[in-house]
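So you can see what is in the structure, the chains are spelled out below.
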Amino acid sequence: MPHHPARRGKIPLYLPKGFIQQNPAFLIAASFALVILTGAVLLTLPVSSREGEFTPFLNALFVATSATCVTGLTVYDTYLHFSLFGQTVIISLIQVGGLGLVTMTSFFYSITRRKVGLRNAQLAQESISADSRANTMKLLSMVIKVTFVTELIGAVLFMPVLIPEFGWYGLYMSVFFAISSYCNAGFDLFGMLMKDGSLIPVQHNPYFLTVVMLLIICGGLGFIVWQDLLTWKRKKIFHFHTKVVLVTTACLLVGGCVLFLIIEWSNPATIGNMNFIDKVVNSMFQSVTCRTAGFASFNQTEMHDTSKLLSTLLMYIGAAPGSTGGGIKNTTALIIFMTVISVIRGDEDTTILGRRVSHGTVYRSLAVAVLSGMLLIVVAAVLFKTGAATTMVDALYESASAFGTVGLTCGVTANSGPAALIAMIVEMYLGRVGPVAFALSLVMRKRTPASRMRLDPEAKIWVA
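These lines cover the structure that appears in this document, whether it is placed above or below. Everything quoted here is computed from the prediction, not taken from an experiment.

**Observations regarding the overall build of the protein chain**
Here comes step 1: For the protein chain, the count of helices and strands is 19 helices and two strands.
Here comes step 2: Out of the 464 residues in the protein chain, the part that is buried amounts to 53%.
Here comes step 3: For the protein chain, the share of sequence-separated contacts (at least 6 apart) that also reach a separation of at least 24 residues comes to 69%.
Here comes step 4: Within the structure as shown, the protein chain displays about 21700 Å² of accessible surface, and the carbon and sulfur contribution to it stands at 67%.

So this is what it looks like as structure tokens:
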């Protein structure tokens, strides 16, 4: 192998020419790992803890991973354990993790300069490719502006509730909750009212819960949809992807709300003792927060197992592509669902709203769903076998929460040992970066020539 001397004053990087451009998944994964490690080191320092003591590195790594991957699972109550500095580190990781992945993926999808977008990756959507640097920068500028403007509005809406109650710290709390809500992170600062209580202290405040829900939904729609919404006045038409996301999101939110309302109606440990308005609001909140937000307005441990399984399904599906949320994405779930419907009907092709979905998109959607499901089950098995979870339902629930970067918990995380924590750290990281990196690698991979595909002998296998 020839020797390539390093240039003076520079550290040699033994990567093939064009490696980063052709492998954006590597850059995304590496950058997130670097942010997580940096955050973990900062959270380990005594200045980050309220008691002025060192935080064990594994615990700090878990919190940093949860914040950067906008999950919300934590081994500590954020307010009770971390100082103002530590809280600031956490909310900074949330902002970087939520906005960073969106801007990076939008950039790489744009510079491909081909009609690939997210549709050919896993979404069956309109292309978002930019044909010039100016269009790419315009797209990224839109993502950043929408994020900060939405978070600013959210902070202002929180202030009338938090400032009168907590004074100037309420101003900081308003900003914290706005970022945590929009980025679908699920971290809260209500530890002074109830340890590990999340939003249970405000479960009877429809205004506060509604603001949180709106921010979660805004962050979960995805930058592709926001770009379409902001340019609708000029174009007077929505892209197919936008229609699919909006319809799917509405169906999941309303359907989840109705089911939670029915299942938990008479459960005194959740919503059973609430009045009708609070029951509806909290049921809708549960449906929304399962979209990868992670806030809880009632005790998740006391839910019926049926509700836990429903929550697990919603967390597994997650939010929309290109959003601050996680999961396999609602468009991927829709493609798989419509593929099943097409098979039942005896159709050769998968169709959504009268549009045919390419076989390649269906295959990639299935690959994402199967690989994600395998990861979820493996981690659930680890949680159950290590004793962190007492039932397999709770193990699946917690695993889905970690994979979908949700943050809801049945108390499993608090009881987890080193092995379980490491398993969830890996799952949170892969759950946030994995699906996007996998989709990008498929998009930018050269296709097999058609002539070679035609020469392959056809396999005949019975499946039923």
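Now that the structure has been shown, the text picks up again.
**Examining a nonpolar patch on the surface**
Here comes step 1: A cluster of nonpolar side chains, namely Leu42, Leu45, Val47, Phe54 and Phe85, defines an oily patch on the protein surface of about 450 Å² accessible area.
Here comes step 2: Along the chain, the position of Leu45 falls in the loop between α2 (24-44) and α3 (57-68).
Here comes step 3: Classification of Leu45 as partly exposed rests on a relative accessible area of 33%.

**Examining the environment of Met194**
Here comes step 1: Following the sequence through the fold, Met194 ends up in the loop between α8 (168-182) and α9 (206-221).
Here comes step 2: Considered as a pair, Met194 and Asp77 are 117 residues apart in the sequence and their alpha carbons are 9.5 Å apart.
Here comes step 3: Excluding residues that lie within four positions of it along the chain, Met194 makes contacts with Asp77, Ile200 and Pro201.

**Let's talk about the pattern of salt bridges**
Here comes step 1: Overall, the coordinates contain two salt bridges when judged by the stated rule.
Here comes step 2: For Lys195, the salt bridge goes to Asp196, with nearest N and O atoms at 2.9 Å.
Here comes step 3: Look at Asp196 and you get partly exposed, because its relative accessible area is 48%.
Here comes step 4: Between Asp394 and Lys308 there is a salt bridge, with its nearest N and O atoms 2.8 Å apart. Of the two residues, Asp394 is situated in helix α17 (residues 392-403) and Lys308 in helix α14 (residues 305-317); the sequence distance between them amounts to 86 residues.
Here comes step 5: You can call Asp394 buried: its relative accessible area is 8%.

**Quick word on the nonpolar core**
Here comes step 1: Counting residues in each nonpolar core, the largest one holds 102 residues, and the members touching the most others are Ile94, Phe158, Phe177, Phe190, Leu199 and Phe208.
Here comes step 2: Per-element accounting of this core gives the leading share, nine residues, to α9.
Here comes step 3: Non-local contacts of Ile94, meaning those with residues more than four positions away in its chain, are made with Ala67, Val70, Ile179, Ser180, Cys183, Ala185 and Phe187.
Here comes step 4: Core analysis: the second largest hydrophobic core is formed by eight residues, Phe240, Val244, Ile352 and Val362 among them.

**Some thoughts on the environment of Ile271**
Here comes step 1: Here Ile271 lies in the loop between α12 (240-264) and α13 (276-289).
Here comes step 2: For Ile271, a relative accessible area of 1% gives the class buried.
Here comes step 3: Along the chain, Ile271 and Asn299 lie 28 residues apart, while their C-alpha atoms are 9.5 Å from each other.
Here comes step 4: The residues contacting Ile271, other than those within four sequence positions of it, are Phe260, Leu261, Glu264, Trp265, Lys279, Asn282, Ser283 and Phe298.

**Overview of the packing of α12 against α14**
Here comes step 1: In contact at an axis separation of 10 Å, α12 and α14 are set at 165° when each is read in the N-to-C sense. The orientation of α12 with respect to α14, classified from their angle, is roughly antiparallel. Regarding α12 and α14, the two cross each other, and that crossing is left-handed. Each of Leu252, Gly256, Leu259, Phe260, Ile263 and Glu264 in α12 lies in contact with α14, whose residues at this interface are Thr306, Ser307, Leu310, Ser311, Leu314 and Ile317.
Here comes step 2: Among the residues making up the contact of α12 with α14, the classes are represented as seven nonpolar, four polar and one charged.

**Remarks on the packing of helix α16 (residues 359-385) against α17**
Angle between the axes and distance between the axes: these two values describe a pair of packed helices.
Here comes step 1: Packing of α16 against α17 brings their axes to within 8 Å, and their N-to-C directions diverge by 130°. With respect to α17, the element α16 is oriented oblique. Remark: the crossing between α16 and α17 carries right-handed chirality. The residues of α17 that touch α16, namely those facing Ser372, Leu375, Leu376, Val379, Ala380, Ala381, Leu383 and Phe384, are Met392, Ala395, Leu396, Glu398, Ser399, Ala400 and Phe403.
Here comes step 2: For the contact of α16 with α17, the per-class residue count stands at 12 nonpolar, two polar and one charged.

**Topic: the packing of aromatic side chains**
Here comes step 1: This model, assessed by the stated rule, comprises 14 aromatic pairs.
Here comes step 2: Measuring from ring centre to ring centre gives 6.3 Å for Tyr172 and Phe176, while their planes differ by 45°; the resulting arrangement is tilted. Residue Tyr172 and its partner Phe176 are located together in helix α8, separated by four residues, close to a single helical turn.
Here comes step 3: Taking relative accessible area as the criterion, Phe176 reaches 1% and is therefore assigned buried.
Here comes step 4: One aromatic cluster is present, formed by Tyr79, Phe158, Phe166, Tyr169, Tyr172, Phe176, Phe177, Phe190, Phe208 and Phe295 through successive ring pairs.
Here comes step 5: The ring of Tyr79 carries the charged tip of Arg50 above its face, separated from the ring centre by 4.4 Å.
Here comes step 6: Directly above the aromatic system of Trp265 lies the positively charged group of Lys279, at a separation of 3.8 Å from the ring centroid.

**Remarks on α9**
Counting along an α-helix, one turn takes 3.6 residues, and residues three or four places apart therefore face a common direction.
Here comes step 1: Helix length check: α9, at 16 residues, gives a terminal C-alpha distance of 22 Å against a target of 22 Å (1.5 Å per residue), a fit within 8%.
Here comes step 2: Inspection of α9 places Phe208, Leu209, Val211, Val212, Met213, Leu215, Ile216, Cys218, Gly219, Gly220 and Leu221 among the buried residues, and these make up the whole buried set.
Here comes step 3: Two residues or fewer after α9 comes Gly222, characterised by a positive phi angle close to 100°.

**Topic: helix α15 (residues 330-345)**
Here comes step 1: For α15, spanning 16 residues, the distance from its first C-alpha to its last is 22 Å, which sits close to the expected 22 Å at 1.5 Å a residue.
Here comes step 2: Here α15 has its buried residues at Asn330, Thr331, Thr332, Ala333, Leu334, Ile335, Met338, Thr339 and Ser342.
Here comes step 3: Two residues or fewer after α15 comes Gly346, characterised by a positive phi angle close to 85°.

Conventions we followed
Residues numbered from 1 in each chain as written. Predicted model: local features only at pLDDT ≥ 70, side-chain atom pairs only at ≥ 80, totals over all residues. Heavy atoms only, no water. Helix = DSSP H or I, 4+ residues; strand = E, 2+ residues; numbered from the N terminus. Buried < 20%, exposed > 50% of the residue type's maximum accessible area, 1.4 Å probe, protein only. Contact = heavy atoms within 4.5 Å. Areas by Shrake-Rupley, 256 points an atom, 1.4 Å probe, with all protein chains shown as cover. Patch = residues over 30% accessible without salt bridge, like charges linked within 9 Å, V, L, I, M, F, W, Y side chains within 5 Å. Salt bridge = Lys/Arg side-chain N within 4 Å of Asp/Glu carboxyl O. Core = buried A, V, L, I, M, F, W, Y, C linked by side-chain atoms within 4.5 Å. Axes fitted to C-alpha atoms, helices over the stretch in contact; angles between N-to-C directions. Parallel < 35°, antiparallel > 145°, perpendicular 65-115°, else oblique. Left-handed = near helix turned anticlockwise from the far one by under 90°. Nonpolar A, V, L, I, M, F, W, Y, C, P; charged D, E, K, R; others polar. Phe/Tyr/Trp six-rings, centres within 6.5 Å; stacked < 30°, edge-to-face > 60°. Lys NZ or Arg CZ within 6 Å of the ring centre and 35° of its normal. Expected span 1.5 Å × (residues − 1).

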